[in-house]
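Notes for the structure review
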Amino acid sequence: MTVAKPGFEDGRTRRRPGSTDVARLAGVSQKTVSRVINGEPYVKEEVRLRVQAAMRELGYRRNDAARALNSGRTQRIGVVCLGTALFGPATQLVAIERTLRTTGYSVSIVNTLEGDTVADAIEHLLVQGVDGIILSEPIDEGGDARPIDVDIPVLSFGRLPGLTAKPSLDTGGDNVDAGRAATEHLLGLGHRTVWHVAGPHRWWAARERMAGWREALADAGAPEPPVLEGDWLPASGYAAGQQLAADDDVTAIFVANDDMAIGVLRALTEAGRSVPDDVSIVGFDDIPTAAFLTPPLTTVPQDFDLHVARGIESLVKEIESPTGGRFPAPERPSLRLVIRHSTAAPPERHR
């Protein structure tokens, strides 16, 4: 049976095809079309493919404005990010966008790199109309920070003091455990203590990794050396590495990200300090180049795809079935180190 496409044959403006047209062409009910559009389960794959083929043939596009009127939701989630090309935040943002695309929600992104505060960015998203908000990498804004009170669900991939959104979910606790695990690995190899090259102090992630480092040293009764602060980039790691290379007591270093660890490795090598024979290094992130350094870098990987998917799953559930309070935290991905060849027992004279 041939089904006429919606529109007029006399040259007048075509009517936009609707879900009823898709249902008629696919030979299914309008409810089935709605289930396919919304990605709901319990639709046979053959039926799903037939509906999708009909949508393509008709040039059907979902009417989000109509859906918003019917449901009271915009089917849009706002994301506040730093707007930086650093590996961690950039990879996390890609994972957020990719995951949201599979949920049927569109995404609006506002970055704070140009001087806007997190509160400014959230206000901009609220004016646009969003059903929920994701904070991708909060940092300490110091004197610019002000309390943030939001009445829609907020998912934060990191700590943000002053946020009083209800319901909300903060999934930023992994950094403390990861900093502890990296430090314990080095102490377990027999190093008397572990030096730390931290990220910029205004980043909560950097503070949390440093807190894990401190906890591990305290629990082991190991002395706590002075912290060297970098800016996440290799040049700052190189500068810190030059200082550490000059101190013969330095045998183990936990670096807050892999990019800075690359700089530390370069400085140690130039100073004639062999890695790992003289000095062991652990990084953080497991960037793609970490496995191809000389030596390959031991590091703490971040499973951005899994971490983001679980967080967004909880956020969407809260939007669609509100709990009225702090919504349940998703299960955390298991924590592990990728142990390569940049760590070993300390030199005999330091044991």
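A brief structural summary. For every chain, the first residue of the written sequence is number 1, and numbering continues from 1 onward in sequence order. Given that this is a predicted model, residues contribute local features only at a pLDDT of at least 70 and side-chain atom pairs are listed and counted only at 80 or more, while totals for whole chains, interfaces and linings are drawn from all residues. Hydrogen atoms and water are omitted, and side-chain values are computed over all heavy atoms in the structure.

1. Here we look at the sheet that holds strand β4 (residues 154-156)
Let me state the cut-off plainly: For two strands to pair, DSSP has to find at least two bridges joining them. Starting at the N terminus, helices and strands are each numbered in turn, a helix being any DSSP run of H or I of at least four residues and a strand any DSSP run of E of at least two. To obtain each axis, a line is fitted to C-alpha atoms, and for helices this fit is confined to the stretch in contact; angles are then taken between N-to-C directions over 0 to 180 degrees.
Pairing within the open sheet is parallel, and its five strands lie in the order β2-β1-β3-β4-β5. If you trace the sheet from one side to the other, it starts and ends with β2 (106-111) and β5 (168-170), each paired once. Neighbour to neighbour, the strand axes of the sheet diverge by 15° on average, direction disregarded. Two strands pair when backbone bridges link them, and strand β3 (residues 132-135) and β4 are joined in this way by three bridges, in the parallel orientation. Within β4, the position partnered with Leu 135 by the bridge is Ser 156.

2. Let's talk about the layout of surface pockets
What counts is decided by this rule: Residues are said to line a cavity or pocket when one of their atoms sits within 4 Å of a point; the points come from a 1 Å grid over protein atoms alone, cavities being sets where a 1.4 Å probe fits but cannot get out and pockets being open sets with protein on both sides within 12 Å along at least five of seven lines. Grid points are joined across faces, edges and corners, and a volume is the space filled by probe spheres set on the points. Only Asp, Glu, Lys and Arg are considered charged in this grouping, and only Ala, Val, Leu, Ile, Met, Phe, Trp, Tyr, Cys and Pro are considered nonpolar; every other residue, Gly among them, is considered polar.
Put simply, the second largest pocket is a space of about 610 Å³. Elements supplying a minimum of two residues to the lining of the second largest pocket: α5 (87-103), α7 (174-188), α8 (204-220), β9 (280-285), β10 (298-301) and α11 (304-320). Across the lining of the second largest pocket, the residue classes tally to 15 nonpolar, 10 polar and 10 charged.

3. A few points about the sheet that holds β10
So the rule is basically this: Whether two residues touch is decided by their heavy atoms; if any such pair falls within 4.5 Å, the residues are in contact.
The strand order β7-β6-β8-β9-β10 describes an open sheet built from five strands, whose pairing is parallel. Each edge of the sheet is formed by a strand with only one pairing partner; in this case those strands are β7 (228-229) and β10. Inspection of the sheet shows strand β8 (residues 252-255) paired to β9 by three bridges, in the parallel sense. Residue pairing across strands places Ala 252 opposite Ser 280, the latter belonging to β9. Running over the sheet, α8 touches β6 (195-198), β8 and β9 and is turned about 170° from β6.

4. Points about the pattern of salt bridges
Condition: Should a side-chain nitrogen of Lys or Arg be within 4 Å of a carboxyl oxygen of Asp or Glu, the pair is scored as a salt bridge. Note on classification: 1.4 Å probe, protein chains only; a residue is buried when its accessible area is under 20% of the maximum for its type, exposed when over 50%, partly exposed between these limits.
For the structure on display, the rule yields 12 salt bridges. For the salt bridge of Glu 46 with Arg 50, the shortest nitrogen-to-oxygen distance reads 2.3 Å. Separated by four residues within a single helix, Glu 46 and Arg 50 lie in helix α3 (residues 45-58), roughly one turn from each other. Take Glu 46: its relative accessible area is 48%, and that puts it in the partly exposed class. Given the relative accessible area of 31%, Arg 50 is considered partly exposed. Note that Arg 180 and Glu 215 form a salt bridge whose closest N and O atoms lie 2.9 Å from each other. Here Arg 180, found in helix α7, pairs with Glu 215, found in helix α8; they are 35 residues apart in sequence, far enough to count as distant. Via salt bridges that share partners, Arg 180, Glu 184, Glu 215 and Asp 219 belong to a single interconnected network.

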